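# Structural description and commentary
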Amino acid sequence: WDAGLDYGHGTGHGVGAALNVHEGPHSISPRWGNKEPMKKGMVVSNEPGLYEDGSFGIRIENLLECTYVLDEDNNAYDAGLEE
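Within every chain, residues take consecutive numbers counted from 1 along the sequence as written. Given that this is a predicted model, residues contribute local features only at a pLDDT of at least 70 and side-chain atom pairs are listed and counted only at 80 or more, while totals for whole chains, interfaces and linings are drawn from all residues. Heavy atoms from the whole structure form the basis of all side-chain values; hydrogens and water molecules are not counted.

## Re the overall build of the protein chain
Secondary structure assignment for the protein chain yields zero helices and eight strands. Counting from the N terminus, the helices are DSSP H or I runs at least four residues long and the strands are E runs at least two residues long. Reading the protein chain from its N terminus to its C terminus gives the helix and strand order β-β-β-β-β-β-β-β. With a 1.4 Å probe rolled over the protein chains alone, any residue whose accessible area is under 20% of its type maximum counts as buried; one over 50% counts as exposed, and the rest are partly exposed. Here the protein chain, with 83 residues, has 18% of them falling under the buried criterion. Restricting the contact set of the protein chain to residue pairs at least 6 apart, pairs at least 24 apart contribute 30%. Accessible areas in this description were obtained via Shrake-Rupley with a 1.4 Å probe; residue shielding takes into account the shown protein chains only. For the protein chain, the accessible surface area stands at approximately 6,600 Å², while carbon and sulfur atoms represent 53% of it. We call two residues in contact whenever any of their non-hydrogen atoms come within 4.5 Å of each other.

What follows is the structure in structure tokens.
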């Protein structure tokens, strides 16, 4: 961010509810006004990329399942969220 670099697409999106591309209810993108928080059990794509304007671009896509974060004692941290 300090260098002012960014790429022209979102970093991730929901997957699996209706087998659509870029489905919600959540996304990781500056273009969408979606404020849906990630919840345990949601699947989200992770799509980092590198683009050289007018030259080339490369992007990988992995799917991740959201789960609770573990604290230093290996206890689930859910901050009162419902499962």
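## With respect to the side chain of His13
Position of His13 among the secondary structure elements: in strand β1 (residues 12–14). We call two N or O atoms a polar contact when they sit within 3.5 Å, provided that within protein one can donate a hydrogen and the other can accept it, with sequence-adjacent residues counted only if both atoms are side-chain atoms. One polar contact links His13 to Glu47, side chain to side chain, over a distance of 2.8 Å.

## Some thoughts on the pattern of salt bridges
Salt bridges, as used here, are contacts in which a Lys or Arg side-chain nitrogen is within 4 Å of a carboxyl oxygen on Asp or Glu. One pass over the full model with this rule turns up one salt bridge. With a shortest N-O distance of 3.5 Å, Glu47 and Arg59 are connected by a salt bridge. Highlighted residues: Glu47 in the loop between β3 (43–46) and β4 (49–52) and Arg59 in strand β5 (residues 56–59), separated in sequence by twelve residues. What makes Glu47 buried here is its relative accessible area of 3%. For Arg59, a relative accessible area of 43% translates into the label partly exposed.

## Points about a nonpolar patch on the surface
Residues qualify for a patch when their relative accessible area is over 30% and they have no salt bridge, like charges being joined within 9 Å and the nonpolar side chains of Val, Leu, Ile, Met, Phe, Trp and Tyr within 5 Å. There is a patch of nonpolar side chains on the surface, built from Leu50, Phe56 and Ile58 and spanning about 310 Å² of accessible area. By relative accessible area, which is 48% here, Leu50 ends up partly exposed.

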